[in-house]
Amino acid sequence: MKILNLGSMNVDNVYQVDEFLLPGETKLSQGLSLFCGGKGLNQSIAAVRAGNEVWHAGLIGEDGGMLLDKLKENGVNTSLIRQVPGKGGHTVIQVNRQGQNCILLYGGTNRMLTHEIIDGIFDAFGSEGAVLLQNEINLLPYVIETAHRRGLPVFFNAAPMDAQVSECDLSLVDWLIVNEVEGRQLAGDCPEEEILSVLSRQYPSMSILLTLGSRGAVCLHQGERHTIGVCSVQAVDTTAAGDTFSGYFMYGVLHGLPIPDCLRLATAASALCVGRAGAADSVPLKSEVDQALAQGSLEVPLARREG
């Protein structure tokens, strides 16, 4: 099954500094690196490396050539990406000598979608497949409504969390993917152990994947709850771990794997990802994950059914 990811694409401008700038301060950067980013782009690459057929859609600006090249290099279908005048989405990131960062995000062309552009994207994609969304584009409620109206299942990663998410009709979402912070915000600041129960009462037909970072993940699907821990590995960079987990979990769901197998596949992929530096480039290929599972080189825990 093919995936339509109508998601953000950003150029990340990463500046190395000794300490973060203070109000009114000017200082020289110790270095500048440019990377391809955006939650949408990262998840498209994660999903295609997991073995999915991915069509990325959206708008890039005059500075977006490197984003288009990165998606093409990874085998993503880019026929639904349009270049328009103006500055594309980008970030200004300061990284200090302790490795901490602060990020300024400019939405740019990611926030220039119109109803007509969205309708054209869905017309071109067709009526078969699934839709993957994140909260870094405008008109997200309309995108969800359009996907549902056309009979396409919706996988929604509600990040970053802001007021636009509250405007979305989550009853139209088939799979909600959130971490513990986002889940608690959606569920009304309840205790973490109650997030799935609260959300399932509000949206009884929605399946939920709740990721818990170093504590694993919990999934609620068709009334059954499954939990899984993490592999014991030395983490080098956790930047793309969540996107890797989502991409591989989605692969399992769309290919009809039992939920415990989906969780185990996603956990193994994330373990390989955090052992590498970088964002999208650290996502492993499915052949690497399959080999690691077959050889037993990762101690991947089994998923447990609760209740």
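Please refer to the structure higher up on the page.
For the structure given in this document, a descriptive report is provided here. (Residues numbered from 1 in each chain as written. Predicted model: local features only at pLDDT ≥ 70, side-chain atom pairs only at ≥ 80, totals over all residues. Heavy atoms only, no water.)

**Description of the sheet that holds strand S6 (residues 89-95)**
The condition that has to hold: Following DSSP output, two strands are said to pair if at least two bridges run between them. Where helices and strands are cited, they refer to DSSP runs of H or I of at least four residues and of E of at least two residues respectively, numbered from the N terminus. In this analysis, axes come from line fits to C-alpha atoms, helices being fitted only over the stretch in contact, and the angle between any two N-to-C directions falls in the range 0 to 180 degrees. Any two residues whose heavy atoms approach within 4.5 Å at even a single point are treated as in contact.
Pairing in this open sheet of four strands is mixed, and the strands run S3-S2-S6-S7 from one edge to the other. Each of the sheet's edge strands pairs with one partner strand only, and the pair in question is strand S3 (31-37) and strand S7 (101-106). When the angles between neighbouring strand axes are averaged without regard to direction, this sheet yields 20°. Strands strand S2 (10-16) and S3 of the sheet are contacted by helix H2 (residues 65-73), whose axis makes an angle of about 55° with S3.

**Things to note about the sheet that holds strand S11 (residues 207-211)**
Read across the sheet, ten strands follow the order S5-S4-S1-S8-S9-S10-S11-S12-S13-S14 without closing on themselves; strand pairing throughout is mixed. Of all strands in the sheet, those with a lone pairing partner are strand S5 (77-83) and strand S14 (304-306), marking the two edges. Across the sheet, the mean angle from the axis of one strand to that of its neighbour is 20°, orientation sign disregarded. Strand direction decides the pairing type here: strand S9 (residues 154-157) and strand S10 (residues 175-179), joined by three bridges, are parallel. Pairing of Phe156 across the sheet is with Leu176, part of S10. In the packing of helix H3 (residues 115-125) onto the sheet, the strands contacted are strand S1 (2-6), strand S4 (53-60), S5 and strand S8 (130-134), and the crossing angle to S1 comes to about 170°.

**Side note on the environment of Ile60**
Relative to the helices and strands, Ile60 is located in strand S4. The sequence separation of Ile60 and Leu71 amounts to eleven residues, and the corresponding C-alpha distance is 12 Å. Once residues lying within four places of it in the same chain are set aside, the contact partners of Ile60 are Met9, Leu67, Leu68, Ile81, Arg82, Gln83, Val84 and Thr109.

**Remarks on the state of the cysteines**
Disulfides are covalent bonds that connect the sulfur atoms of two cysteines. The criterion, for reference: Sulfur atoms of two cysteines make up a disulfide when they are within 2.5 Å. Buried means the residue's accessible area, taken with a 1.4 Å probe over protein chains only, is under 20% of the maximum for its type, while exposed means over 50%, and partly exposed covers the values in between.
Enumeration according to the criterion identifies zero disulfides in this entry. Between Cys231, a cysteine without a disulfide, and Cys273, which holds the nearest cysteine sulfur, the sulfur-to-sulfur distance is 12 Å. Its relative accessible area of 10% is what places Cys231 among the buried residues.

**Details of the packing of aromatic side chains**
Given two aromatic rings, one states the distance between the centres and the angle between the planes to describe the pair. Threshold: Within 6.5 Å between ring centres, the rings of Phe, Tyr and Trp (the latter by its six-membered ring) count as paired, and their orientation is classed by plane angle as stacked under 30 degrees, edge-to-face over 60, tilted in between. Think of it as a cone above the ring: NZ of Lys or CZ of Arg counts as a charge over the ring if it is within 6 Å of the ring centre and within 35 degrees of the ring normal.
Counted by the stated rule, this structure contains three aromatic pairs. When the ring of Trp175 is compared with that of Phe249, the centres are 5.2 Å apart and the planes differ by 75°; the resulting orientation is edge-to-face. Of the two residues, Trp175 is situated in strand S10 and Phe249 in helix H8 (residues 241-254); the sequence distance between them amounts to 74 residues. A relative accessible area of 1% means that Phe249 is categorised as buried. The structure contains a cluster of three or more aromatic residues connected by ring pairs, namely Phe155, Trp175 and Phe249. The cationic tip of Lys2 hangs over the ring face of Trp55; the distance from NZ or CZ to the ring centre is 4.4 Å. Here the guanidinium or amino end of Lys2 rests over the ring plane of Phe125, the centre of that ring lying 4.5 Å away.

**Comments concerning unusual backbone geometry**
In this structure, the amide linkage connecting Ala159 to the following residue, Pro160, adopts the cis form with an omega of -5°. Within the element layout of this structure, Pro160 appears in the loop between S9 and helix H5 (163-167). For Asp189, which is not glycine, the phi torsion reads 55° and is therefore positive. Mapped onto the fold, Asp189 is located in the loop between helix H6 (180-186) and helix H7 (195-202). One non-glycine residue, Gln222, adopts positive backbone phi at about 55°. Here Gln222 is to be found in the loop between strand S12 (217-221) and strand S13 (224-228). The class for Gln222 is exposed, based on a relative accessible area of 71%.

**Brief notes about the nonpolar core**
For clarity, the cut-off: Only buried residues count toward a nonpolar core, which is a set of Ala, Val, Leu, Ile, Met, Phe, Trp, Tyr and Cys residues joined through side-chain atoms within 4.5 Å.
Counting residues in hydrophobic clusters, the biggest one holds 45 residues, and the most contacted among them are Leu6, Phe122, Leu133, Phe156 and Leu176. Setting aside residues no more than four positions away along its own chain, Phe156 makes contact with Leu133, Gln134, Asn135, Leu140, Val165, Leu170, Val173, Trp175, Leu176 and Ile177. In terms of nonpolar packing, the next biggest core, distinct from the first, is built from 35 residues, Ala50, Cys231, Ala240 and Val289 among them.

**As for the environment of Leu32**
For Leu32, the location among the structural elements is in strand S3. For Leu32, a relative accessible area of 48% corresponds to the partly exposed category. Spatially, the C-alpha atoms of Leu32 and Asn157 are 30 Å apart, while their sequence positions differ by 125 residues. When neighbours within four sequence positions are excluded, Leu32 is seen to be in contact with Asn13, Val14 and Tyr15.

**Some details on the pattern of salt bridges**
To be explicit about the condition: Here, a salt bridge means any side-chain nitrogen of Lys or Arg that lies within 4 Å of a carboxyl oxygen of Asp or Glu.
This structure, assessed with the given rule, holds 15 salt bridges. As a salt-bridge pair, Asp63 and Lys87 come within 3.4 Å of each other at their nearest N and O atoms. Here the residue Asp63 occupies a position in the loop between S4 and H2, and Lys87 occupies one in the loop between S5 and S6, the gap between them amounting to 24 residues. For the salt bridge of Asp123 with Arg150, the shortest nitrogen-to-oxygen distance reads 2.7 Å. Of this pair, Asp123 sits in helix H3 while Arg150 sits in the loop between helix H4 (140-149) and S9, placing them 27 residues apart in sequence. With relative accessibility at 53%, the residue Asp123 sits in the exposed group. Classification of Arg150 by relative accessible area gives partly exposed; the value is 29%. One network of salt bridges, with partners in common, ties together Glu180, Arg184, Glu192 and Arg215.

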